[in-house]
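Below are the chains, spelled out letter by letter.
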Amino acid sequence: MRTEPQMKNRRVRYQEILQNSPVLFSPIHKMEIPKNDPISIVAGYVLAPALSGFVQWLLAQAEKNGIRRLYFLARDGYFPCQAARIFCQTLDIPIECRYLSVSRYSLRLPLFHLDREMALHDICRNAIHVTITKLLQRAGIKQENHENILQTLALPYGEKQPLSRADLIAIRQRMAHCPEFLEAMEHASKQAFPALMGYLRQEGLFEDVPYAIVDSGWLGSMQKSLQTMLRLQKEGDELQGYYWGLYRIPTGMHRKNYHCYFFEPEHHLKEKVFFNNSVYEAVFSAPHGTTIGYRKENKQISPIYGACPKKQIQFLHRIKPIFDSYLHLMAKECLPTMDNREFSTQRETIGKLLALFMCRPTKSEASAFGSLPFSDDVLENGERPLAANLTEQELQAGHLRAKLFATVNPGAGRFQESAWYEASAVLHSSRAKRHLRQYTLYKYLRHFKRPSGEMRRSRNV
């Protein structure tokens with residue numbers, strides 16, 4: 001079996017990279033990390049340093065900007081919130097860290113009745129595996145009403161048939177002219193609105209305290225939804241948000257209110273290419289399901305969580321002690337006064353670690369992490385393995401030549417996609433290196449060709 005020598009070589013390589021940042025490397029010497037376990041090695045040598053670097057930057061920026069309370073958005077904010085509490089408590093940092101149970105779904109649904117166009121746009125967003133059933137669930141329509149709505153829409157698709165971008169455009173037009181669907185959607189939205197507003201008030205978002213939200217990022221839409229909810233009750237300062245990274249900013253929002261750690265919409269092309277946000281979400285998650293709504297219990301409003309796969313919970317409980325050990329050591333013994341130069345050194349080191357793990361995983365890493373359940377849908381139901389089992393044809397469809405072909409032949413066919421293409425290639429192809437080279441080139445062009453203002457050439461490329 002090749003696992004032991006394979007992971008030994010990878011562990012040595014991670015150590016070599018970490019040595020570029022003595023601060024990040026220092027806690028490793030005092031930790032007992034199993035030498036041949038891919039999950040423990042990645043958690044200790046890659047994920048824990050990345051989590052620490054992000055939270056150190058976050059707290060420094062928040063203090064500098066006079067922030068006194070941070071709201072970490074579920075579920076990507078679960079581990080950052082715990083890390084921030086460790087640092088704040090150990091180092092007497094005067095920032096309160098709260099965990100806010102919200103999701104794209106729990107924030108968007110209550111707003112649908114206020115903006116029908118926005119609602120249809122959100123309901124018909126593309127994702128890895130979209131079906132008619134998922135669209136109705138996004139609209140908040142209960143299962144028992146699906147059949148009647150589907151009969152009224154008269155769509156030429158099966159309920160669980162995968163939908164293409166072209167299908168979604170056609171469905172959106174049909175929904176926009178279907179009174180029965182619109183009425184059901186708006187009814188669900190109005191029902192959800194009071195509970196969300198009550199939860200936000202209960203958690204202190206209307207209090208006169210300088211606060212900001214913290215999230216993984218990508219599109220920044222949750223900040224826009226929260227800002228809309230807050231403005232319905234209170235005029236005041238614009239909401240500030242701190243993020244791991246953002247690909248773009250929502251329409252109508254001010255760029256100055258979005259603060260990025262690892263990559264920004266306008267810069268850091270290389271960082272975007274050698275990063276996978278789906279892998280990030282899978283490993284930095286919470287041991288509970290997505291927030292699907294709220295209920296009142298004993299005068300308190302509590303979040304309602306959807307189901308969380310058992311395998312995901314077991315994985316998160318497995319890596320948590322490694323994170324805790326690393327963070328406590330960092331906070332107690334290794335954390336100096338940070339300056340911009342140190343933050344830059346850490347970011348560069350973390351970028352190299354993540355690029356190696358995310359974009360050039362070993363077979364052992366691809367197998368251990370690629371089997372994690374993942375869904376990119378707002379309700380995160382119908383989870384599939386993070387690294388899908390792709391055929392050679394599907395792997396080819398994931399990189400440059402097939403993508404260019406598809407732009408001139410939209411009906412060329414549908415292929416299964418993978419949330420972690422690189423791991424799928426490593427696990428399921430004898431030509432993995434070739435696929436990885438082609439896919440890297442495709443990602444460079446995909447990010448570089450974003451509309452003006454979303455992506456410009458970076459000095460770091």
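Now for a description of the structure that goes with this document. The model shown is predicted, which means the values in this text are computed figures rather than measured ones. (Residues numbered from 1 in each chain as written. Predicted model: local features only at pLDDT ≥ 70, side-chain atom pairs only at ≥ 80, totals over all residues. Heavy atoms only, no water.)

**Quick look at the packing of aromatic side chains**
Quick reminder of the rule: To pair, rings of Phe, Tyr and Trp, with the six-membered ring standing in for Trp, must have centres within 6.5 Å; the planes then decide the type, stacked if under 30 degrees apart, edge-to-face if over 60, and tilted in the middle. Counting from the N terminus, the helices are DSSP H or I runs at least four residues long and the strands are E runs at least two residues long. Partly exposed describes any residue whose relative accessible area lies between the buried limit of under 20% and the exposed limit of over 50%, with all areas from a 1.4 Å probe on protein chains only and scaled to the type maximum. Charges are assigned to positions over rings by a cutoff of 6 Å between ring centre and Lys NZ or Arg CZ, combined with an angular limit of 35 degrees from the ring normal.
Applying the stated criterion across every chain, the model contains 32 aromatic pairs. Ring centres of Tyr78 and Tyr99 lie 6.0 Å apart, and the angle between their planes is 80°; on these two criteria the pair is classed as edge-to-face. Of this pair, Tyr78 sits in helix α4 (residues 78-91) while Tyr99 is found in strand β2 (residues 96-100), placing the two residues 21 residues apart along the sequence. When sorted by exposure, Tyr78 lands in the same class as Tyr99, which is buried. The residue whose ring lies beneath Arg201 is Phe206, and the NZ or CZ to ring-centre distance is 4.6 Å.

**Comments concerning the pattern of salt bridges**
The condition that has to hold: What counts as a salt bridge is simple: a side-chain nitrogen of Lys or Arg found within 4 Å of a carboxyl oxygen of Asp or Glu.
Overall, the coordinates contain 19 salt bridges when judged by the stated rule. With a shortest N-O distance of 3.0 Å, Glu207 and Arg69 are connected by a salt bridge. Pair noted here: Glu207 is in the loop between α10 (179-202) and β3 (211-218) and Arg69 is in strand β1 (residues 69-73), with a separation of 138 residues, a long-range link. Taking relative accessible area as the criterion, Arg69 reaches 5% and is therefore assigned buried. Salt-bridge contacts for Glu96 lead to Arg98; the nearest nitrogen and oxygen are separated by 2.6 Å. Through salt bridges with shared partners, one network takes in Arg69, Glu96, Arg98 and Glu207.

**Quick word on the environment of Leu168**
The residue Leu168 is located in helix α9 (residues 165-176) in this model. As for Leu168 and Cys359, which are separated by 191 residues in sequence, their C-alpha atoms are 30 Å apart.

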